[in-house]
Every structure is written in structure tokens, then in C-alpha cells.
Amino acid sequence: MVYDKLMQPIRIGKMRVKNRMVFPPMNTNYSNENGAPMELMMDYYARRARGGAGLVIVESTTIDATSRNHGAQSQLSNTASIPLWSKVVDKVHRYGAKVAIELTHFGADGTVSSGGLEPSPSNVTSRGAEFEVHEMTIEEIHAMQQMYVEAVVNAKKAGFDAITYHAAHGNIMPEFFSTLYNKRTDWYGGSFENRVRFAREIVEMTREAVGPDYPLMMRISGDEYIQGGRTLEETVEICKVMEKAGIDCFDVSGGIQATYLFTIAPYNLPGLHGFMMPSAKAIKEAVNVPVIGVGGIRDPELAEKYLEEGYADMIAIGRSFIADPDFGVKAMEGRSCDIRPCLTCGNCFMEICNDRILTCTVNPEAGREDDFKGVEEAKDKKKVLVIGGGASGLEAARISAMRGHAVTLLEKNDHLGGAMAAAGIPPHKEKIGQLVDWYEKTLKDLGVEVKKNCEYEKGMSKGFDVVFSAVGAEYLRVIPGSDKPSVIDAVDALKHPEKVGNRVVVIGGGATGCETAEFFGAQGQEIYLHRMKNFSGDLDMTVTENSGFQNKDVTIVEMMPEMGIGMDGFSRKILLETLEINGVKMMTDTKVWEIEDKNVRVVDKKSGDIVDLPADTVILAGGLRSKEVIVETDGAQVYTIGDADAPGRIVQALFRAHCVAREI
């Protein structure tokens, strides 16, 4: 398919962008302790430019060294880092892309306290009592406005083609816009005119400082998704004011810090794909400058559709460009089927929230572009055998074949994917199945010989130089009675739901257990989220009945104090809400004592109380041990990878396999 609209050039002010694909600003933690870009950041953005993005917008970069949203927050608060920022610009420009930088002050909702009182339009924050804030004086307001102007001047000196004011997601500019935060009664609060004055004056002052031709963009939340917050109607009026002040383009996002669940939408948020695009369309119809649309757009077909239908002039494609940095090139060449799918798993966001660098579940090279500069062809070509077609086996086969080795993969089942194939069955997890399909096509294109329904037997490794043992893991059956016919593991249950009776006990309340419980017992009632009710995170939602599904009676038993430990916070919140609404019983701090016929005996770890749970089927969803396969070396190098080495998540399996295969 040819994506005519997506590939058309466009002008933002005097700046010509070669296509309509935007790689949007997303925090990475790739800065050093002074907020300057590390080599990794330079290579990360350059890789997306090489992969076809027409406009690359560098992540939130603070104008004030004391304002941070993550531990390694990028900064442009003085001239010291200009040389390193200029290197970012240079690397992106090598591939014909334009590059902008997003400038911000996090105001009352910065997630990393400076140790002092965070500045705020009023004494309001969504962060809680530990983040103390103070109402800015007029002098402090004017000083911050000047800091914005100086940061834009520094960005221009560094060679950035444009800048973006971060006026979305609850930073200082939208805090002044919003009556949730702004309770002032002076020139900077109260009326609409006064609430937009802070940002309007910054734009006007900046325009005077940089001249009429330098592109100034603004990222803004169309809707703040919280009761009492700013709605789309007022945002449209704000954009009209900002266009008149000198803004050349609007990047329309959504939410504030307290409603980031919408901004970084999890995989299980209903109506995910393109849900912010109506906001972009409303603003596009009200202004005369280009508008960038965003919101869960994962494929070029959908991006093209929104452009053709007039929702936006450009499309921001974020996590999909992380998952496949060649997203743009593949779209240009009409090879959308070759784009590695983003799982919308939240790993990228979860990593930076845990003070680590941004990495990607499906793309082991993301966040490591400074080390992984392409896959080199091996000088010594080898015969490689991969035993097991799960996550690690698929990645080991892919990289080995890319290096020019002759690869054979054995899979005992009639399909590839291993545990991933089952993980893609629960609601909203179809992207995992698409990843398996992508691997299957990719291996075929690379010439890998895939043998399904072929379990490894003694002697099959003879004649191979390298063997990868990727045979996965199995659920432990150490609980008394776990060997009964009514006890099956989560993979078997999801693949063969006909084996599961009406009364179900799921042992293990991690991601696998909760998602398995959702599949069997929480599809009868579906939730649709509208907005948050307050800063505490209470949900305003509609519950509708799914008449085509009859919930089973499901109980989850978890030894830990909470369900869903290890999941990203947003996916976990939606999943647990779904389970509760559907009546799934969740028992934490509870140990399974024994499995009997039609019954599971559990004990409350705190009280010692014993409870009997009626059960037709018991599903094991916690406690894994690696499988083993005896490989006759015959001089071959043998590598054990994935769950066969140490049970874990997909991200760990792919990364380990990727690293080992690069070295053979």
C-alpha cells in the first residue's frame, strides 16, 4: 500500500518537513547528571531519523535545573550544554529529518522534588503533601518567563530547527491555564484572558527574541481528562490566542500528571487507537497552522486514514518508532507487514519511572543504540540449531540468520510462540500474537528452516556448530494435590479453554494469573473510561454488559500483599478494576495449603484462618522452573537462553537471546 498523505512534505512556518511522520517527545533518562545529552541519546534520536521520521522532537527538557520529572532530566537552562545539544542536531540532520526540542518547567507536579518549594500558579499540586508547593509571586512569574526565552535562544544557537513549548500533561503552562490549579486573583488568574497571559507573554517575548521565521510549536492537552479540569472547548480558545501570539504548530495530546493513564494509554484501555484524534480535529478546524495528532496510532494505515479524513496535518508515532526504528522507511516502501509491532506493554514508561533508561520489550536495541550499531555479518558462517520457538528462540534464530548463519529451528507444537502464543489470548493482548506472526514472516524471509511438530530428540544436534536451548519453563507442581487431572497450567488453560470448568481457582496473582482470570471470569462486564474524578485517581467510567460472554466463577489466590505486582501501574489499575467489576474474587496474603477433588484449601497468612474454595478447575499461574534438554555437543557451542535459563518476562528473554546471537 502507498501512503500518499503520510509521505507528503509539509511546512511549519518557514521550516519544510519531508513527510508527515513525527517522532514525539518522550522521556528517556539518557541525559547525564547535568542534564546534557549522552552519546546514547544522540544515537537514539538519529536512529529514528534514519528510520524515516520527518520531524524528531527531543524529549521534555527543562528550562530550570531544579525542575525535574525524572532522575536524569535533560536540561537547557544555560549555555554549557549547547555544544552537546548541537551534536544531537547534527546526527539527526544527517538523515534529512528536522529536529525540535520540547522545553518545559514541571511546576507543581514535577515528580522529583528539588528539596524546596515547587513553584505553582497557586498552592495546588496533584502529587500529595510530600511535594510542597508555593504560589509564585509576580516577580517569580516574570523571571520564569525570561528563563523560557533564554532556553529558546539557546536551542536556536544549538541548531534546533524549531522548539516546542510543553503546555500539556500538567506542566507549568497548563497549570496556569487550568482552574484546577490556578486560583489566583491577579493578572495571571481568574478570567480566561488572565489564565492564558503567562504562556501568551512567553510566546510573544520569544518571538521578539528569535525573529519572525523561527518555528515555535506548542504541545497541548486537548482534554485534561479530569472532572473540573480543562475541556476541549476551552483548549480550542487557548489555541486561537496562542496562534495569534506566534505559534506555528500545535501538537495535541491529552491529560495531566494525575491523569497520565490517558496520556500513556495502557494496552487494556478500551478505545485506545486514535482516541485523542477528535481533539486534534477540533483544534485543526479552529486554527490556520498545522496540527499534529497523537494517541495509540500503531500502523501507517491508521495514520494515513486520519490524514485523509482531515483529523490532523501530521501524525505523532512514538512507541511504534521505539519498537521498530525503521517504521518510517518500511511505511515508505509499502512494507507495513514488516513493521515490528509495539505491544503497548508499558515497559518503556515503567523503566524510566524506576530510574532506569528507556528500553523496549520487543526491540533489544532500543536504549542501546550507542552499543548496538547494526547487526554485523559473521566472518565465519556456521550451522545453528535453535530448539524451541518461544520468544528467546525466535530472536536467536532471527539474529543468527541476519549474521549469515544457516539456521534451523525446531518447535514441538504446531505453532510458534511458546508461552507468548498463550499470552496473546486474554483480552486486549492481540499484539503479542501479531509479534509472533511478525517473527514467523521475518524468519521465512531470512531463510530460516522452521520445523513445527518436531520435538528435539537425541542426535538431532549432530552436524551443527551452535545450539540454542530455548525450551522454556514449566509451572511447579509442589502443592499437595497439584498432580490431579483438574489442575492445569495457565498456558494450557488459555490454549484449551474447553478444559476449564465453571468454578475456577487461579493460583498466582501476577500478570499471568490476573489476565487468565480476566479471560475466564471478567469479560461479561466491560468498562469504558471517561476521565478521572479527582487527583486521587478515582475513575469516572461506564460499565456495559457483554451479552455474548458468560463469566465463570473465578477466584485468584496470591501469597503476596497485592495483585499484579510487576505490572506497570496503569495496566494494573485497569485490569484490577475490570476483575472487581466482574466479581472475580481476589485473595491476597493467602497460601494454598492443599488441592483436593473439587476443592482448594487455603490459609490466610495473617490470621491463620483456613478457607475451602470450591473448584472444578485449578489453574497454575505462579512459580516456574526451567525445562532442560540434553544436547549432545559433538563439538558444538551450546547456549541456554530465555526461560530455559531463568524464567522471566518477554523483555528479558529477547534481550538475552539477542546479545548471545550477536556474538556467535
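Before reading further, recall that the structure is shown in the block above.
The present account deals with the structure reproduced in this document. (Residues numbered from 1 in each chain as written. Predicted model: local features only at pLDDT ≥ 70, side-chain atom pairs only at ≥ 80, totals over all residues. Heavy atoms only, no water.)

In a regular helix each residue adds 1.5 Å, so 12 residues correspond to 16 Å; helix H2 (residues 82-93) covers 16 Å between its end C-alpha atoms and thus fits that length. Where the residues of H2 are buried, they touch helix H1 (39-50), strand E4 (55-62), strand E5 (74-75), strand E6 (98-104) and helix H3 (138-158). (Helix = DSSP H or I, 4+ residues; strand = E, 2+ residues; numbered from the N terminus. Expected span 1.5 Å × (residues − 1). Contact = heavy atoms within 4.5 Å.)

In space, the five strands of this open sheet follow the order E16-E15-E14-E17-E30, with parallel pairing throughout. With one partner strand each, in any of the chains shown, strand E16 (449-451) and strand E30 (637-640) form the two edges of the open sheet. Taken pair by pair, the neighbouring strands of this sheet meet at an average axis angle of 15 degrees, ignoring direction. As paired elements, strand E14 (residues 383-387) and strand E15 (residues 406-410) share five bridges and run parallel to each other. By the bridge assignment, Lys383 is partnered in E15 with Ala406. Of the strands in this sheet, E14, E15 and strand E17 (466-469) touch helix H14 (residues 391-402), which is tilted by about 165 degrees from E15. (Pairing = 2+ DSSP bridges. Axes fitted to C-alpha atoms, helices over the stretch in contact; angles between N-to-C directions.)

Attention now goes to the pairing of strand E27 (residues 610-614). Looking at chain direction, strand E26 (residues 599-604) and E27 are connected through five bridges and run antiparallel. Counterpart to Arg601 in the pairing with E27 is Asp612.

Even without being glycine, Asp355 reaches a positive phi, approximately 65 degrees. Here Asp355 shows up in the loop between helix H13 (347-353) and E14. Within the chain, Asp589 stands out as a residue other than glycine whose phi angle is a positive 50 degrees. Within the secondary structure, Asp589 is located in the loop between strand E24 (585-587) and strand E25 (590-596).

Our next topic: the state of the cysteines. What the rule picks out here adds up to zero disulfides. Left unpaired, Cys659 is separated from the closest cysteine sulfur, that of Cys360, by 14 Å. The class of Cys659 is partly exposed, set by a relative accessible area of 22%. (Disulfide = S-S within 2.5 Å. Buried < 20%, exposed > 50% of the residue type's maximum accessible area, 1.4 Å probe, protein only.)

Across the interface, H14 lies against helix H20 (residues 650-663) with an axial gap of 8 Å and an inter-helix angle of 30 degrees. With respect to each other, H14 and H20 are oriented roughly parallel. Classified by chirality, the crossing of H20 by H14 is right-handed. Along the contact surface, H14 presents Ala391, Ser392, Glu395, Ala396, Arg398, Ile399 and Ser400, while H20 presents Ile650, Ala653, Leu654, Ala657, His658, Ala661 and Arg662. Residue classes in the contact of H14 with H20 are distributed as eight nonpolar, three polar and three charged. (Parallel < 35°, antiparallel > 145°, perpendicular 65-115°, else oblique. Left-handed = near helix turned anticlockwise from the far one by under 90°. Nonpolar A, V, L, I, M, F, W, Y, C, P; charged D, E, K, R; others polar.)

With that settled, consider the sheet that holds strand E19 (residues 487-489). Adjacent strands of a sheet form backbone hydrogen bonds with each other and so pair up, either parallel or antiparallel. Taking strand neighbours across the sheet as the criterion, the five strands line up as E19-E28-E20-E23-E24 in an open arrangement whose pairing is parallel. The two strands at the open ends of the sheet, each matched to only one other strand, are E19 and E24. Across the sheet, the mean angle from the axis of one strand to that of its neighbour is 20 degrees, orientation sign disregarded. Across five bridges, the pairing between strand E20 (residues 503-507) and strand E23 (residues 553-557) is parallel. Counterpart to Val506 in the pairing with E23 is Ile556. Set on the sheet, helix H18 (residues 511-521) makes contact with E20, E23 and strand E28 (617-620); between it and E23 the angle comes to about 170 degrees.

The subject of this paragraph is the packing of aromatic side chains. Counted under the stated rule, the structure contains 20 aromatic pairs. Taken together, a centroid distance of 6.0 Å and an interplanar angle of 70 degrees make the contact between Phe23 and Phe321 edge-to-face. In this pair, Phe23 sits in strand E3 (residues 21-23) while Phe321 sits in helix H11 (residues 319-323), placing the two residues 298 residues apart along the sequence. Where Tyr44 meets Tyr45, the ring centres are 5.0 Å apart and the plane angle is 75 degrees; that geometry is what we call edge-to-face. Assessed through its relative accessible area of 0%, Tyr44 is described here as buried. Through pairs of rings, three or more aromatic residues link up here, namely Phe23, Tyr30, Tyr44, Tyr45, Phe321 and Phe327. For the cation-ring pair, Arg368 lies above Phe655, with the distance from its terminal atom to the ring centre recorded as 3.9 Å. (Phe/Tyr/Trp six-rings, centres within 6.5 Å; stacked < 30°, edge-to-face > 60°. Lys NZ or Arg CZ within 6 Å of the ring centre and 35° of its normal.)

Here the focus is the pairing of strand E21 (residues 525-532). Pairing between E21 and strand E22 (residues 539-545): seven bridges, direction antiparallel. Pairing of Tyr528 across the sheet is with Thr542, part of E22. Between E21 and E22, which follow one another and run antiparallel, lie six residues, and Gly537 among them has a positive phi close to 95 degrees.

Attention now moves to the packing of H1 against H2. As a packed pair, H1 and H2 sit with axes 8 Å apart at the nearest point and diverge in direction by 25 degrees. In terms of their interaxial angle, H1 and H2 are classed as roughly parallel. Crossing of H1 against H2: the hand is right-handed. Judged by residue contacts, Glu39, Met41, Met42, Asp43, Tyr45, Ala46 and Ala49 of H1 engage Leu84, Trp85, Lys87, Val88, Lys91 and Val92 from H2. Here the contact of H1 with H2 is composed, by residue class, of nine nonpolar, no polar and four charged.

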